[in-house]
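# Structural features, examined
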Amino acid sequence: MTMVDADGTGCSVAKATPTTCSKEVVINGLNGYAEPVGHERKSAKDARPPEEREAMLTGDVKPIQTQVYWTRFLILIVFSLYSMVNAFQWIQYSIIANIFCTFYQVSFEQVDWLSVVYMLVYVPLIFPAAWLLDKKGLRIVALLGSGLNCIGAWIKIASVRQDLFGVTMFAQTVCSIAQIFILGLPSRVASVWFGPKEVSTACASAVLGNQLGVAFGFLLPPILVPNTPEDLNLMASNISILFYGTATVATVLFILVVAVFKEKPPLPPSQSQAVLLDSPDEYSYKQSIINLFKNVPFVLLLLSYGILTGSYYSVGTLLNQMIITYYKDEELNAGRIGLTLVVSGMVGSIISGFWVDRTKTYKQTTLAVYIISFIGMLVFTFTLNLGYLQVVFVTAGALGFFMTGYLPLGFEFGVEITYPEPEGTSSGLLNASAQLFGIVFTLAQGRLKANYGTLVGNLFLCSWIFVGIILTVFIKSDLRRQQANLAASTQLAARDSLENVSTSQNELHTPEETTI
């Protein structure tokens, strides 16, 4: 269109982009910057140098075109489902620990290691896994996670014999390696595929899949494998049914990942994600790790997240042993209590994700959830031995609502205060902290329970959760990702306003046509 510039002269412009009258320009619709006609377009990484990408964070560069696609929901569902199966395999031994002790003729401590191995393997391997996610992307990591999960499930079928505890431990180790390529993905999937107003809810939904797997892990094994110590052949048959069912579902989900899981959408879903797409080839994963450990608020979050999530892992692992200590032969109800804990936590995850999407009060919500989790753990501890299972159901549900609801909050808070560092790196470190604390807490609480009773073991966790509250208080709420999105939105509004003013000026200076 033709407009009148400040000097009163007309020049051809596109979308009111500032330029000179001597050069014709076209607009790169994807990137939102002007290019002289006849010049070759620059590549993505040459188009915006590092200083310009930094300027985007402060609103000095025009916003980039963004779009969300319906396939984001398909990606989220498929990821959540194979994450669910992996979580199911984590807890399927612990919730009927006494039955596996009988079948394999091993101790409770040895069965506990079938859960602890998930945490143990994660800590050293998360760094190469996060590097692989940054270098190869979502699809490759998703294929590795779902593929290894499937392989581990089939190996378990070969371990259904009383002298093959080592084989089932090996199979569980394979599944634990698969977990490395799963736990760090929720925030990455949410950021790559979902818009700024739905990213926290999407992350919570992705975490929800993992929690749903834990819920099924609490519910189904006690039903499928009842305690039949007088008939070990029947016990073996029931364990086979459990393992075959898991392997079948894992195989179907692997095929789905191969068929539908995509790397990224054609256009980024948010301004903050668009800036990250221009990361240069010389990006250093090592430097990213260094940057994160120099970020004091993130280090505090790393410790507090590890404490609360590690406590959750410990409670989940030892729940069967806690319940049957006070309520003999109640394996089935132990599973139902675990189900109550997780299902209420799933509701908490969705509500917390929805809440911070709307309010952006990450620190306030995180601190409130942490404090209530501490209170819930105290109540659970002092009511467990009252002799009323109904009370245990209620207290476990309340504890799970807040303790599990914290998981996606920690992920998203970490991404916010570390932007523009990759989501996979911050999430991976948070998970590594949780696994490390989970190992220590599970082994320590198990030993305290064996030597001094369940009450002492639970009080041990309560004391550590209180330490986590103190650490959370000192976390500075520097929401960098939100600042990037707001700066881009402000710039977009300013551009639209300029276009409207320019259009009005053009109409005022255009002579009316006269019909003869």
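Residues numbered from 1 in each chain as written. Predicted model: local features only at pLDDT ≥ 70, side-chain atom pairs only at ≥ 80, totals over all residues. Heavy atoms only, no water.

What follows concerns the overall build of the protein chain. On a plain count of helices and strands, the protein chain comes out with 19 helices and four strands. Relative to its 516 residues, the protein chain shows a buried fraction of 55%. Across the protein chain, the fraction of contacts at a sequence separation of at least 24, relative to all contacts at a separation of at least 6, is 82%. In the form shown here, the protein chain has an accessible surface area of approximately 21,900 Å², with 65% of it arising from carbon and sulfur atoms. (Helix = DSSP H or I, 4+ residues; strand = E, 2+ residues; numbered from the N terminus. Buried < 20%, exposed > 50% of the residue type's maximum accessible area, 1.4 Å probe, protein only. Contact = heavy atoms within 4.5 Å. Areas by Shrake-Rupley, 256 points an atom, 1.4 Å probe, with all protein chains shown as cover.)

This paragraph deals with helix α9 (residues 199–224). Taking 1.5 Å of rise per residue, 26 residues should cover 38 Å, and α9 covers 37 Å from first to last C-alpha, within 8% of that figure. Along α9, 19 of the 26 residues are buried, which leaves the element largely enclosed by surrounding structure. (Expected span 1.5 Å × (residues − 1).)

A contiguous nonpolar surface patch, about 510 Å² in accessible area, is contributed by Trp70, Phe73, Leu74, Ile77 and Leu81. By the secondary structure assignment, tryptophan 70 is in the loop between α2 (50–58) and α3 (71–91). Classification of tryptophan 70 by relative accessible area gives exposed; the value is 64%. (Patch = residues over 30% accessible without salt bridge, like charges linked within 9 Å, V, L, I, M, F, W, Y side chains within 5 Å. Salt bridge = Lys/Arg side-chain N within 4 Å of Asp/Glu carboxyl O.)

Here we come to the nonpolar core. Tyr82, Phe261 and Phe380 are the most contacted members of the largest nonpolar core, which totals 128 residues. Looking at this core element by element, the count peaks at 14 residues for helix α13 (residues 296–326). (Core = buried A, V, L, I, M, F, W, Y, C linked by side-chain atoms within 4.5 Å.)

Turning to helix α16 (residues 389–418), a few remarks are in order. Because each turn of an α-helix spans 3.6 residues, side chains separated by three or four positions end up pointing in the same direction. The terminal C-alpha atoms of α16 lie 44 Å apart, and with 30 residues this matches the ideal 44 Å at 1.5 Å per residue to within 8%. Where α16 bends most, the angle comes to about 30°, and this point is leucine 407, followed within four residues by the proline proline 408. The buried fraction of α16 is high, at 23 of 30 residues. (Bend = angle between axes of the 7 residues up to and from the residue.)

In this section: the packing of α13 against α16. Two elements in contact, α13 and α16, have axes whose closest approach is 10 Å; the angle formed by their N-to-C orientations is 150°. With respect to each other, α13 and α16 are oriented roughly antiparallel. Two packed elements cross with a definite hand, and for α13 against α16 that hand is left-handed. Seen from α13, the contacting residues are Pro297, Phe298, Leu301, Ser304, Tyr305, Leu308, Thr309, Ser311, Tyr312 and Ile323; seen from α16, they are Val392, Met403, Thr404, Tyr406, Leu407, Gly410, Phe411, Phe413, Gly414, Ile417 and Thr418. Broken down by class, the residue content of the contact of α13 with α16 amounts to 14 nonpolar, seven polar and no charged. (Axes fitted to C-alpha atoms, helices over the stretch in contact; angles between N-to-C directions. Parallel < 35°, antiparallel > 145°, perpendicular 65-115°, else oblique. Left-handed = near helix turned anticlockwise from the far one by under 90°. Nonpolar A, V, L, I, M, F, W, Y, C, P; charged D, E, K, R; others polar.)

You can see alanine 444 is positioned in helix α17 (residues 423–452). The spatial distance from the C-alpha of alanine 444 to the C-alpha of phenylalanine 460 is 8.6 Å, given a sequence separation of 16 residues.

In this description, a pair of aromatic rings is defined by centroid distance and the angle of the planes. Taken as a whole and assessed by the stated rule, the structure comprises 18 aromatic pairs. With 5.4 Å between their ring centres and 85° between their planes, phenylalanine 79 and tyrosine 82 make a pair best called edge-to-face. Pair noted here: phenylalanine 79 and tyrosine 82 are both in helix α3, with a separation of three residues, about one helical turn. A residue is classified by how much of its surface remains accessible, and tyrosine 82, at 1% relative accessible area, is buried. Following the ring pairs from residue to residue traces out a cluster consisting of Tyr93, Phe100, Phe103, Tyr104, Phe165 and Phe243. (Phe/Tyr/Trp six-rings, centres within 6.5 Å; stacked < 30°, edge-to-face > 60°.)

Before going further, it helps to spend a moment on the packing of helix α6 (residues 138–157) against helix α7 (residues 165–180). Look at α6 against α7: their axes get within 7 Å of each other, and the N-to-C directions meet at 170°. By the angle between their directions, the pair α6 and α7 is classed as roughly antiparallel. Listed contacts from α7 to Gly145, Leu148, Asn149, Ile151, Gly152, Ala153, Ile155 and Lys156 of α6 are Val167, Phe170, Ala171, Gln172, Val174, Cys175, Ile177 and Ala178.

Looking now at the pattern of salt bridges. Under the criterion given, the structure shown has one salt bridge. Aspartate 163 is paired through a salt bridge with arginine 161; the nearest N and O atoms lie 2.8 Å apart.

Within the secondary structure, methionine 403 is located in helix α16. According to the relative accessible area criterion, methionine 403 is buried, its value standing at 2%. Distance from methionine 403 to methionine 377, taken between C-alpha atoms, is 9.0 Å for residues 26 residues apart in sequence.

Not every positive phi belongs to a glycine, and glutamine 105 is a case in point at roughly 55°. Turning to its location among the elements, glutamine 105 is positioned in the loop between α4 (97–104) and α5 (108–136). When its relative accessible area of 60% is taken as the criterion, glutamine 105 is described as exposed.

Next up on the list: the confidence of the model for the protein chain. Residue-level pLDDT values for the protein chain average 79, and 77% of them are 70 or greater. Note on residues 1–61: pLDDT under 50 across the span, and 89 contacts to partners over four residues away in sequence or across chains. (pLDDT = per-residue confidence, 0-100.)

Quick look at the environment of leucine 81 now. As for its placement among the helices and strands, leucine 81 is situated in helix α3. Note: C-alpha distance between leucine 81 and leucine 253 (172 residues apart in sequence) is 7.3 Å.

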